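The primary structure of each chain is shown beneath.
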Amino acid sequence: MQWEVVIGLEIHTQLATQSKIFSGSATTFGSEPNTQASLVDLGMPGVLPVLNQEAVRMACMFGLAIDAEIGPRNVFARKNYFYPDLPKGYQISQMDLPIVGKGHLDIALEDGTIKRIGVTRAHLEEDAGKSLHEDFNGATGIDLNRAGTPLLEIVSEPDMRSAKEAVAYVKAIHALVRYLGICDGNMAEGSLRCDCNVSIRPKGQTEFGTRCEIKNVNSFRFIERAINSEIQRQIDLIEDGGKVVQETRLYDPNKDETRSMRSKEEANDYRYFPDPDLLPVVIEPSFLDSVRAALPELPPQKVERFQSQYGLSAYDANVLASSREQADYFEQVVKIGGDAKLAANWVMVELGSLLNKLGVEIDQSPVSAEHLGGMLLRIRDNTISGKIAKTVFEAMAAGEGDADGIISSRGLKQVTDTGAIDKMLDEMLAANAEQVEQYRAADEAKRGKMFGFFVGQAMKASKGKANPGQVNQLLKAKLEG
Amino acid sequence: MHQLTLAEIARGLADKSFSSEELTGALLSRIKQLDPQLNSFITITETQALEQARAADARRAAGETGALLGAPIAHKDLFCTNGVRTSCGSKMLDNFTAPYDATVVAKLAEAGMVTLGKTNMDEFAMGSANESSHYGAVKNPWNLEHVPGGSSGGSAAAVAARLLPATTGTDTGGSIRQPAALTNLTGLKPTYGRVSRWGMIAYASSLDQGGPLARTAEDCALLLQGMAGFDAKDSTSVDEPVPDFSANLNASLQGLRIGLPKEYFGAGLDPRIADLVQASVKELEKLGAVVKEISLPNMQHAIPAYYVIAPAEASSNLSRFDGVRFGYRCEDPKDLTDLYKRSRGEGFGAEVQRRIMVGTYALSAGYYDAYYVKAQQIRRLIKNDFMAAFEEVDVIIGPTTPNPAWKIGAKAGDPVAEYLEDLYTITANLAGLPGLSMPAGFVDGLPVGVQLLAPYFQEGRLLNIAHRYQQVTDWHTRAPNGF
């Protein structure tokens, strides 16, 4: 049977506000336990929440960026359940009237096509604290520093059809919130967490299969692996005559498998109702206008501009604009190096594989945009060939300084002296007299192939430094006699 | 000295007839002597009170003035008081020392008031008889076998017995006005949002409102002046200017339009109370008021709606009492579920548990629309009824309670009978309107209250009417035997 995979995601992003969503406590990560927990965060008797306007502003920024309707009147509701790290016994969230309504986001797939993913809604809520199960002699410790940190929960439509698409979508959200400056995107610290809803159905069937939710997956790699292992589990289950049961599952990266956490029957009835301690939030059009006016250039506009201004392909523009840091890096290279297509190539191919190999982000690149741009200048003025440039690039990555320094210290400057090239070619042809004879006897088609051999020999003889254009021209003249 | 009203104390302190320390000492010894009969205090803060009194005297000596400077107060034991046990009348919080002051407490302390202690109350403010307190029932000074009303029963009994001139209370469904009526006091529930709820341990957040209990309207005006005002720490507090509540106490009632809802005089109302209401209306007419019959057609839905909304909010508000961070924790919990179940099962009393269960049920999936949403719709209808009525009249008058104080234990085991006592008071909470109860006579030697309701933020109008009424009547001056 051919199976189709259906995936929808809920992404929790911690908003980068200075203080918590309903109290004045700071939100810095990694402080001593409970040093950032005020009376409100502790859920003390008699305390009341006061909404942080900055969180509202950030949610509106996100809504505008995904072309969504911003609820003119949105309402906070209480989600009631007991847990030790949930101090009030309820989480303040939004249910019926979220701040961000339906929107969408475009993602670039690996084959170069663009796919539009629907966003059902995004709502504001407070984060819970953390339970610490180690080092308390069998007891559990509770750290409420995180309690009350503002979260924007972004709920997608079930529009994704593979784990790769899901990852591309999470990356796009990740890039967007960082573009907007509303979330630091640090997944290792839990700033961006993902719940994956996965189901399968026979290809061609319109109704959805029964879904399972994989809770709290915290890296791009694990999202892909967790979804793929869950897909395989569901396929195996159904093909063995079983049935998928709706439940919440956890992904275990060590065993690369998901396991059941709780079934639908065990799920809480959260008894949502409007929080009587908070008034409905009314978003005035003037407020929204001011938020809109302050929006930075976003990926879609940037992609468009990269195509029109630099003549890049849609795919290249999408890749380069996929993060604000990468886009800025690219533009800096262009500014110095002058040739946008050449810059795009170098940033995407050579720099991309270098960063991949090192496992670092572009903002930690060992080759600065200034150095790469400087090297492109030398390619463009024929000081070095594209091939030599790779050597220069490696040297820059190894920390040997800028391109000009490397070219001169290593003697990599291209030879453009016609006399010198002429002499080198004569020596090379003399050493390969047999091949020269064969060449001259051959027909036009064969000659084409053989010409490459002589070019190779010439470049080898010059250690790659001879100007390839001149080599071609002179060689042709000499062989044709 | 214990006979003095807040206004008289203000004059006595101002003209140096006595010091705050003298007054505080006298009242503390009276409390220690008489309160064992009443059980109106949970905590007496003697040392702190004397310190505060001396500080107030020093402030006055330094030239400071103010009606509340050096005057005594006691707070219902759900207002958080920094460093002092704040129990909410519950075993759950018997060990809870508040780490901060409620805004009301802080404001009155800043005005120089001296806190004598924390008063008894129905557990978590749930009750109309003050019988559900972990610290035992409070007795009505007018007849020690009778209840003082609730949930601010301790606050009412203490003032009625002249242990001190005024106290704070809270009113969620009548918890200031009903005990005021049952103990011959003047009690005011302000407009929702007039007094900050920061530090006031919540029962039902959308209904709770703090306010004053005292013997006279004049005293209520003084105390409300110190309590009211916008507070950025309470999102439901309203940024509305606070007028001088004492300025218009003597304004003329000539032409005042009084509405008498026909629905108030149906079955369930003690006819002797109905007569006293009519008599008070006559007095107001003599003062120039014009009486008009009006209708509040949705009034009969108020109690059912209240007993969905209030428990629903309470079920969520009281979730934080889980034995994890503060308050009561059961012995040797064997796991997390056991910790929750036994801490809450042992820490909460029967009425609190009943309302948590009712509220949890009303919010459950599948019942939410039928109960909670429907109750909110009724709430809107009730508000609309009032809006329509206030197009025609300036104030609405009626009984505060359908019956005088009942005997302790008489309604035990019949919660609905007790709920029905809130018939006249609950609508003001559902609509968020200000309401006042004032003494209007006696039935079988027990006090009867008349309730006045006004449009939003018209507390001044209520106080004006009550004050003028108290100038021509003497019900409010009568004291219970032995006190």
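Bear in mind the structure is a predicted one, so any value in this text is a computation, not a measurement.

Cut-offs and rules
Residues numbered from 1 in each chain as written. Chains lettered and ligands numbered in written order. Predicted model: local features only at pLDDT ≥ 70, side-chain atom pairs only at ≥ 80, totals over all residues. Heavy atoms only, no water. Helix = DSSP H or I, 4+ residues; strand = E, 2+ residues; numbered from the N terminus. Rg over C-alpha atoms; globule rule 2.2 N^0.38 Å. Buried < 20%, exposed > 50% of the residue type's maximum accessible area, 1.4 Å probe, protein only. Contact = heavy atoms within 4.5 Å. Lys, Arg positive; Asp, Glu negative; His and termini not counted. Charge placed at Lys NZ, Arg CZ, Asp CG, Glu CD. UniProt positions renumbered as here; feature names shortened; annotations may be inferred. Axes fitted to C-alpha atoms, helices over the stretch in contact; angles between N-to-C directions. Parallel < 35°, antiparallel > 145°, perpendicular 65-115°, else oblique. Left-handed = near helix turned anticlockwise from the far one by under 90°. Nonpolar A, V, L, I, M, F, W, Y, C, P; charged D, E, K, R; others polar. Polar contact = N/O pair within 3.5 Å; in protein donor to acceptor, adjacent residues only side chain to side chain. 1 Å grid on protein atoms, 1.4 Å probe; cavity = no way out; pocket = protein on both sides within 12 Å on 5 of 7 lines; lining within 4 Å. Points joined across faces, edges and corners; volume = space filled by probe spheres on them. Expected span 1.5 Å × (residues − 1). Core = buried A, V, L, I, M, F, W, Y, C linked by side-chain atoms within 4.5 Å. Patch = residues over 30% accessible without salt bridge, like charges linked within 9 Å, V, L, I, M, F, W, Y side chains within 5 Å. Areas by Shrake-Rupley, 256 points an atom, 1.4 Å probe, with all protein chains shown as cover. Salt bridge = Lys/Arg side-chain N within 4 Å of Asp/Glu carboxyl O. Pairing = 2+ DSSP bridges. Buried area = accessible area lost by both parts, 1.4 Å probe. Phe/Tyr/Trp six-rings, centres within 6.5 Å; stacked < 30°, edge-to-face > 60°.

> When you look at the overall build of chain A in this model, what are you seeing that I'm missing?
When you go through chain A residue by residue, the secondary structure sums to 15 helices and 15 strands. The C-alpha radius of gyration computed for chain A amounts to 30 Å, which surpasses the reference 23 Å derived for 481 residues by more than 25%, pointing to a less compact arrangement than a globule. Expressed as lengths along the three principal axes of its C-alpha atoms, the size of chain A is roughly 95 × 55 × 50 Å. Put simply, chain A has 481 residues, and 50% of those count as buried. In chain A, of all internal contacts separated by at least 6 residues, the share reaching a separation of at least 24 is 68%. For chain A, the distance from the average position of its 54 positive side-chain charges to the average position of its 68 negative side-chain charges is 4 Å.

> Please clarify how the UniProt feature "domain: Amidase" (unreviewed entry) in chain B should be interpreted in this entry.
When the UniProt feature table is mapped onto this chain numbering, "domain: Amidase" (unreviewed entry) sits at residues 22-463 of chain B. Split by type, residues 22-463 of chain B is 37% helix and 14% strand. Its first and last C-alpha atoms lie 30 Å apart.

> Can you help me understand the packing of helix α12 (residues 418-431) of chain A against helix α14 (residues 444-461) of chain A in this one?
To characterise two packed helices, one gives the angle between the axes of the helices and the distance between these axes. Residue and element names in this part refer to chain A. For the pair α12 and α14, the least separation of the axes is 10 Å and the interaxial angle reads 120°. Judged by the angle between their axes, α12 and α14 are oblique. Relative to α14, the crossing made by α12 is right-handed. Residues Met 424, Leu 425, Met 428 and Leu 429 of α12 form the contact with α14, whose participating residues are Phe 454, Gln 457, Ala 458 and Ala 461. The residue inventory of the contact of α12 with α14, partitioned by class, reads seven nonpolar, one polar and no charged.

> Would you mind showing me how to read the environment of Asp269(A) here?
The residue Asp269(A) is located in the loop between β13 (257-263) and β14 (273-274) in this model. Note: C-alpha distance between Asp269(A) and Arg447(A) (178 residues apart in sequence) is 80 Å. Ignoring sequence-local partners within four residues, the contact set of Asp269(A) consists of Asn80(A), Ser364(B) and Ala365(B). Separated by 3.1 Å, the side chain of Asp269(A) and the backbone nitrogen of Arg271(A) make a polar contact. Polar side-chain contacts of Asp269(A) include one of 2.8 Å to the backbone nitrogen of Ala365(B).

> Would you mind going over empty space enclosed by the protein with me for this structure?
Gaps left between atoms are located by rolling a probe of water-molecule size over the structure's atoms. One pass over the full model with this rule turns up three cavities of 30 Å³ or more. Roughly 180 Å³ of internal volume is contained in the largest cavity. Volume-wise, the second largest cavity comes out at about 110 Å³. Along the wall of the second largest cavity there are 13 residues; nearest its centre are Gly46(A), Val47(A), Ile201(B), Ala202(B) and Arg320(B). Across the lining of the second largest cavity, the residue classes break down as seven nonpolar, three polar and three charged.

> For this particular structure, what's the right way to read helix α2 (residues 163-180) of chain A?
Residues and elements named next belong to chain A. When the terminal C-alpha atoms of α2 are compared, their 26 Å separation across 18 residues agrees well with the 26 Å that a helix rising 1.5 Å per residue should span. For α2, a buried count of 15 out of 18 residues is recorded, marking the element as mostly surrounded by other parts of the structure. Phi for Gly 181, located one or two positions after α2, is positive at around 70°.

> What am I meant to see in the nonpolar core here?
The biggest cluster of nonpolar side chains holds 142 residues, and the ones touching the most others in it are Phe124(B) and Leu463(B). With nine residues, the top contributor of residues to this core is helix α9 (residues 302-317) of chain B. Among the nonpolar cores identified, the runner-up in size contains 109 residues, and Val170(A), Tyr329(A), Val333(A) and Ile362(A) belong to it.

> When you look at a nonpolar patch on the surface in this model, what are you seeing that I'm missing?
Residue and element names in this part refer to chain B. A contiguous nonpolar surface patch, about 290 Å² in accessible area, is contributed by Tyr 361, Tyr 367 and Tyr 371. If you trace the backbone, Tyr 371 turns up in helix α12 (residues 368-392). For Tyr 371, a relative accessible area of 33% translates into the label partly exposed.

> Would you explain the pairing of strand β8 (residues 290-294) of chain B in this entry?
Where a strand is regular, its side chains alternate between the two sheet faces. The pairing of strand β7 (residues 257-261) of chain B with β8(B) spans five bridges and is classified as parallel. Among the inter-strand pairings, Ile258(B) is bridged to a residue of β8(B), identified as Val291(B).

> Which parts of the structure should I look at to understand the packing of helix α10 (residues 386-397) of chain A against helix α11 (residues 403-410) of chain A?
Residue and element names in this part refer to chain A. Interhelical geometry of α10 versus α11 gives an angle of 110° and a closest axis separation of 10 Å. In terms of axis orientation, α10 runs roughly perpendicular to α11. α11 is crossed by α10, and the crossing has right-handed handedness. On the side of α10, the interface is formed by Thr 391, Val 392, Ala 395 and Met 396, while α11 contributes Ala 403, Ile 406, Ile 407 and Arg 410. A per-class count over the contact of α10 with α11 returns six nonpolar, one polar and one charged.

> Honestly, the sheet that holds strand β12 (residues 247-252) of chain A in this entry has me stumped. Any pointers?
As a general point, the strands of a sheet are linked pairwise by backbone hydrogen bonds and lie either parallel or antiparallel. Residue and element names in this part refer to chain A. Within the open sheet, the eight strands sit side by side as β5-β6-β9-β1-β10-β11-β12-β13. Their pairing is mixed. At either margin of the open sheet sits one strand with a lone partner, and together these are β5 (103-108) and β13. Strand-to-strand, the axes of this sheet are offset by a mean angle of 30°, without reference to chain direction. As defined by bridge partners, strand β10 (residues 192-202) adjoins strand β11 (residues 212-217) across four bridges and the pair is classed as antiparallel. Among the inter-strand pairings, Asn 197 is bridged to a residue of β11, identified as Glu 213. The strands touched by α2 within the sheet are β1 (3-14), β5, β6 (114-126), β9 (150-156) and β10, with β5 carrying the most contacts at an inclination of about 115°.

> Help me out: how do you make sense of the interface of chain B and chain A in this one?
Reports of interface size often rely on the accessible area that becomes lost once the parts have come together. Every contact between the two is made by 37 residues of chain B and, on the other side, 32 residues of chain A. Summed over both sides, the interface of chain B with chain A buries roughly 2800 Å², with 61% coming from carbon and sulfur. Linking chain B with chain A are one salt bridge. Residue Asp277(A) is joined to Arg197(B) by a salt bridge in which the shortest nitrogen-to-oxygen separation is 3.0 Å.

> Quick question: what am I supposed to make of the pairing of β10(A) here?
Residues and elements named next belong to chain A. Of all 11 residues in β10, 10 are buried; the element is thus mostly enclosed. Direction of pairing for β1 relative to β10: antiparallel, over a ladder of 11 bridges. Counted as the bridge partner of Glu 4 is Arg 201 from β10.

> Can you help me understand the environment of Thr17(A) in this one?
Residue and element names in this part refer to chain A. One can find Thr 17 in the loop between β1 and α1 (53-65). In this structure Thr 17 comes out as buried when scored by relative accessible area, which is 4%. In this structure the C-alpha to C-alpha distance between Thr 17 and Gly 242, which are 225 residues apart in sequence, comes to 47 Å. Ignoring sequence-local partners within four residues, the contact set of Thr 17 consists of Thr 27, Asn 52, Glu 54, Ala 55, Met 58 and Pro 150.

> Before we go on, may I ask you to explain the sheet that holds β14(A) in this structure?
All names here are of chain A. As summarised here, the arrangement of the three strands in space is β4-β3-β14, forming an open sheet in which the pairing is antiparallel. The sheet is open, and its two edges are formed by β4 (90-94) and β14, each paired on a single side. Sheet topology note: the strand β3 (residues 76-80)/β14 ladder contains two bridges and is antiparallel. Following the sheet pairing, Arg 78 is matched in β14 by Phe 273.

> Explain the packing of aromatic side chains here, please?
Residues and elements named next belong to chain B. Under the defined criterion, the tally for this structure stands at 28 aromatic pairs over all chains. Here the aromatic rings of Tyr 264 and Tyr 424 are separated by 5.2 Å at their centres, their planes lie at 75°, and the arrangement is edge-to-face. Here Tyr 264, found in the loop between β7 and α8 (271-286), pairs with Tyr 424, found in the loop between α13 (415-419) and α14 (426-431); they are 160 residues apart in sequence, far enough to count as distant. Classification of Tyr 424 as buried rests on a relative accessible area of 2%. Pairing Phe 321 with Phe 348 gives two aromatic rings, centres 6.4 Å apart and planes at 90°, and the pair type is edge-to-face. Separated by 27 residues along the polypeptide, Phe 321 in the loop between α9 and α10 (336-347) and Phe 348 in the loop between α10 and α11 (350-363) bring together distant segments of the chain.

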